[in-house]
Amino acid sequence: MSSIPKTLADQIEDLLPQTQCTKCGYPACRPYAEAVAHGSAGYNQCPPGGAEGVARLAKLLGKPVIPLNPINGAERPRPVAVIDESLCIGCTLCIQACPVDAIAGAAKQMHTVVPALCTGCDLCVAPCPVDCIAMVDVTPGRTGWDAWSQEQADAARERHNFRVARLRREKEENDARLAAKAAAKLKAVETEAALSDEEKAAAERKKAIIQAAMERARLKKEQMAAQAAGATGMADVSRSVKKQIDDINHRLEQQKDPQ
């Protein structure tokens, strides 16, 4: 059984250090690889890969070796994040920022970095509200790929992909919980015993609002799944729901008028 040939983006991604640092101007190594493959990004925008990284990409692409773009940063020894535990307030912002789940901790508890997992991306530094994170060089005299191995890059990519999948799953589960909660509220409204015409109108108005929220959530889920850029149909749904609510309010006002 033959294996599926790798695309150019796949081959470029294999040559990146997988620090997921975003210094290239893209949210992760894979989007940068795709941009280079499409010709919309330069092959000299990865500071962690350094000069050796540029040379690797140039060889693959059949292009000349050029200097690292200084706009994206400079080649340097590989750092590791270190948290001052005496200052940490347990805000979890660094945990949320880490692209490879290299920080352990929980809300309102002290956090710590697992050095062997840290890619030195710097992304945890800026969000820290108490400036308790420092980047410490752990490969003095060795920069770029001399400070990083292919095995470390492969492991970092696997952790990053696992994190992306986990966050996606958690969002889907949260969306499902919210949808179930909305459906339960809708059912409660539908089965609610109204004692007067005014209460019936209020229940109908509440029902319309819940249905509108559920419809927006459904459309958003479909659009995200299809990666659709537009918002087709949302305006029509909003107008339809608004008219429904306006009609209910109008009937309610008529009922209040003296006969």
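S.K.: Lay out the overall build of the protein in plain terms, naming residues and giving numbers.
M.R.: Each helix and strand counted, the protein has seven helices and four strands in total. Overall, the protein shows an N-to-C arrangement of helices and strands of α-α-α-β-α-β-β-β-α-α-α. Counting all 259 residues of the protein, 32% fall into the buried class. Counting only carbon and sulfur atoms, one obtains 57% of the accessible surface of the protein, whose full area is about 15,800 Å².

S.K.: Describe helix α3 (residues 50-61), listing the residues and the values that go with them.
M.R.: Across its twelve residues, α3 extends 17 Å between first and last C-alpha, which sits within 8% of the 16 Å expected from 1.5 Å per residue. For α3, the complete set of buried residues consists of Gly50, Gly53, Val54, Leu57 and Ala58. Buried residues in α3, looked at end-on, bunch into an arc of 135 degrees, giving them a common side. If you follow the buried residues of α3, they end up packed against α1 (8-14). At the exit of α3 stands Gly62, carrying a positive phi of roughly 70 degrees.

S.K.: How would you sum up the packing of aromatic side chains? Please name residues and give values.
M.R.: Going through the model one piece at a time under the given rule, you end up with one aromatic pair. On the numbers, 5.9 Å between centres and 40 degrees between planes, the contact of Tyr26 with Tyr32 is tilted. Given a relative accessible area of 23%, Tyr26 falls into the partly exposed group.

S.K.: I'd love a proper account of unusual backbone geometry, names of residues and values included.
M.R.: If you check the backbone angles, Thr92 has positive phi at about 70 degrees while not being a glycine. Turning to its location among the elements, Thr92 is positioned in the loop between β1 (79-83) and α4 (93-97). A residue is classified by how much of its surface remains accessible, and Thr92, at 17% relative accessible area, is buried. Backbone geometry at Asp131 places phi at a positive 50 degrees, although glycine is not the residue there.

S.K.: Got a sec to walk through the pattern of salt bridges? Specific residues and values, please.
M.R.: Taken as a whole, this structure holds 13 salt bridges when the rule is applied. Notably, a salt bridge pairs Glu13 with Arg157, separated by 3.6 Å at the nearest N-O pair. Highlighted residues: Glu13 in helix α1 and Arg157 in helix α5 (residues 150-191), separated in sequence by 144 residues. When its relative accessible area of 9% is taken as the criterion, Glu13 is described as buried. What makes Arg157 buried here is its relative accessible area of 17%.

S.K.: Outline the layout of surface pockets, supporting the account with residue identities and numerical values.
M.R.: Of the pockets and cavities examined, the second largest pocket occupies roughly 220 Å³. Lining the second largest pocket we find 19 residues, and of these Pro47, Pro48, Arg76, Pro79 and Gly120 sit closest to its centre. Here the lining of the second largest pocket is built from residues that sort into ten nonpolar, six polar and three charged.

S.K.: Please provide a residue-by-residue account of a nonpolar patch on the surface, values included.
M.R.: A cluster of nonpolar residues, Leu87, Ile89 and Val130, forms a patch on the protein surface that exposes about 230 Å² of accessible area. The topology assignment puts Ile89 in the loop between β1 and α4. Accessibility expressed as a relative area gives 48% for Ile89, which makes it partly exposed.

Criteria and thresholds
- Residues numbered from 1 in each chain as written.
- Predicted model: local features only at pLDDT ≥ 70, side-chain atom pairs only at ≥ 80, totals over all residues.
- Heavy atoms only, no water.
- Helix = DSSP H or I, 4+ residues; strand = E, 2+ residues; numbered from the N terminus.
- Buried < 20%, exposed > 50% of the residue type's maximum accessible area, 1.4 Å probe, protein only.
- Areas by Shrake-Rupley, 256 points an atom, 1.4 Å probe, with all protein chains shown as cover.
- Expected span 1.5 Å × (residues − 1).
- Arc of directions from axis to C-beta.
- Contact = heavy atoms within 4.5 Å.
- Phe/Tyr/Trp six-rings, centres within 6.5 Å; stacked < 30°, edge-to-face > 60°.
- Salt bridge = Lys/Arg side-chain N within 4 Å of Asp/Glu carboxyl O.
- 1 Å grid on protein atoms, 1.4 Å probe; cavity = no way out; pocket = protein on both sides within 12 Å on 5 of 7 lines; lining within 4 Å.
- Points joined across faces, edges and corners; volume = space filled by probe spheres on them.
- Nonpolar A, V, L, I, M, F, W, Y, C, P; charged D, E, K, R; others polar.
- Patch = residues over 30% accessible without salt bridge, like charges linked within 9 Å, V, L, I, M, F, W, Y side chains within 5 Å.

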